[in-house]
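Tertiary structure, described
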Amino acid sequence: MKLATLKNDCRDGRLVVVNRDLSRFAEAPADLPTLQAALDDWSRARHSLAAVYRALQSGDIDGRAMAMEQLGAPLPRAYQWLDGSAYLNHVELVRKARGAQMPSTFLTDPLMYQGGSDILLGCRDPIAAGSERHGIDLEAEICVVTDDVPAACPPQQAERRIQLIGMLNDISLRNLIPAELAKGFGFVHGKPPTAFAPVLVTPDELGGAWKDAKIHLPLRTWINGQWLGHPDCATDMQFNFAELIAHAAKTRPLGAGTIIGSGTVSNRDASRGFCCLAEARMIETIRHGKPRTGFLRFGDRVKIDMTDARGNSLFGSIEQTVVKR
């Protein structure tokens, strides 16, 4: 099934069930007003929501026409948003860009940071930045949402805690990040609010494309209508989502509604393009001695999407415009 959050006067919106082709939606049962409420009682809620989804698909419920502008992030605010960096090609390239080496431990120990989750953006919300000099960049990723995960949960059990899958734009301000990391702590100023695709889907919606806790499909990105890349999400993914969850839960439990990101999807085969501008700039530096691609500017338009084998959008597209805050 596919779930989304309709914007309303409440910060957390109204949970809705969306049909497979993303054209219509119906409100969730009254006792499940928000997605967080559903995740808090997922063993029961999933059956109620699945019944609405089946009725919407069959036409027993007519539903209402979908307008992406009406949707917020599926979880407009989350108790926890943890972003991994499972694609080591991306890690290596961005560290080269700031003159840092990649330790060998990165092959066995995932990178992960805790992002701001009090405000998460919808699929059509703008990318608001204070200055173009901050180095505004997109980072196209995939993510999973868990139910409750016990502390020290091993990867073999962690995959069963994945209840929903989605797509996001982990916006970065590249020129602010090096100074922050040099302090030896982590991101704050370099990571403005993250934007999410309109719907989250249950793993069964992906069919055979969901295997080994990875999505075996390309993630497509465009800037101002120009193709940026379509790297494959399973290729070169050093740590799958079960391993990322187990890493996050090593010393603490994870509450229902925890979002785990993959990090920027990246392939070593540069002919597949990129999911962020920092990688494109690093490849240009290696080939030509300096970058030729600039970071995002005010007025630029970003689009991120993932389609199935028939060309149907799985999560709905993220389409954002960069604006001055």
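Just above, that's the structure.
The sections below set out a description of the structure shown in this document. (Residues numbered from 1 in each chain as written. Predicted model: local features only at pLDDT ≥ 70, side-chain atom pairs only at ≥ 80, totals over all residues. Heavy atoms only, no water.)

1. Concerning the sheet that holds strand E16 (residues 220–223)
- With respect to topology, five strands assemble into an open sheet ordered E7-E20-E19-E16-E17, the strand pairing being mixed. Looking at the sheet topology across the chains shown, the edges are occupied by strand E7 (127–129) and strand E17 (226–229). Strand-to-strand twist across the sheet, computed as the mean angle between neighbouring axes with direction ignored, equals 25 degrees. (Pairing = 2+ DSSP bridges. Helix = DSSP H or I, 4+ residues; strand = E, 2+ residues; numbered from the N terminus. Axes fitted to C-alpha atoms, helices over the stretch in contact; angles between N-to-C directions.)

2. Considerations on the side chain of Glu180
- Tracing the backbone through its elements, the reader meets Glu180 in helix H5 (residues 177–182).
- It turns out Glu180 is buried and unbridged, and the closest side chain with the opposite charge, Lys183, is 6.1 Å from it.
- Polar side-chain contacts of Glu180 include one of 2.7 Å to the backbone nitrogen of His189.
- The contacts of Glu180, once residues within four sequence positions are left out, are Phe185, Gly186, Phe187, Val188, His189 and Gly190. (Buried < 20%, exposed > 50% of the residue type's maximum accessible area, 1.4 Å probe, protein only. Lys, Arg positive; Asp, Glu negative; His and termini not counted. Salt bridge = Lys/Arg side-chain N within 4 Å of Asp/Glu carboxyl O. Polar contact = N/O pair within 3.5 Å; in protein donor to acceptor, adjacent residues only side chain to side chain. Contact = heavy atoms within 4.5 Å.)

3. Some points on the pairing of strand E1 (residues 2–6)
- The buried fraction of E1 is high, at five of five residues.
- Burial along E1 is two-sided: the residues Lys2, Ala4 and Leu6 and Leu3 and Thr5 are all buried.
- Of the pairings in the sheet, the one linking E1 to strand E13 (residues 200–201) comprises two bridges and is antiparallel in character. Within E13, the residue paired with Lys2 across the bridge is Val201.
- Of the strand pairs in this sheet, E1 and strand E2 (residues 14–18) are connected by five bridges, and their pairing is antiparallel.

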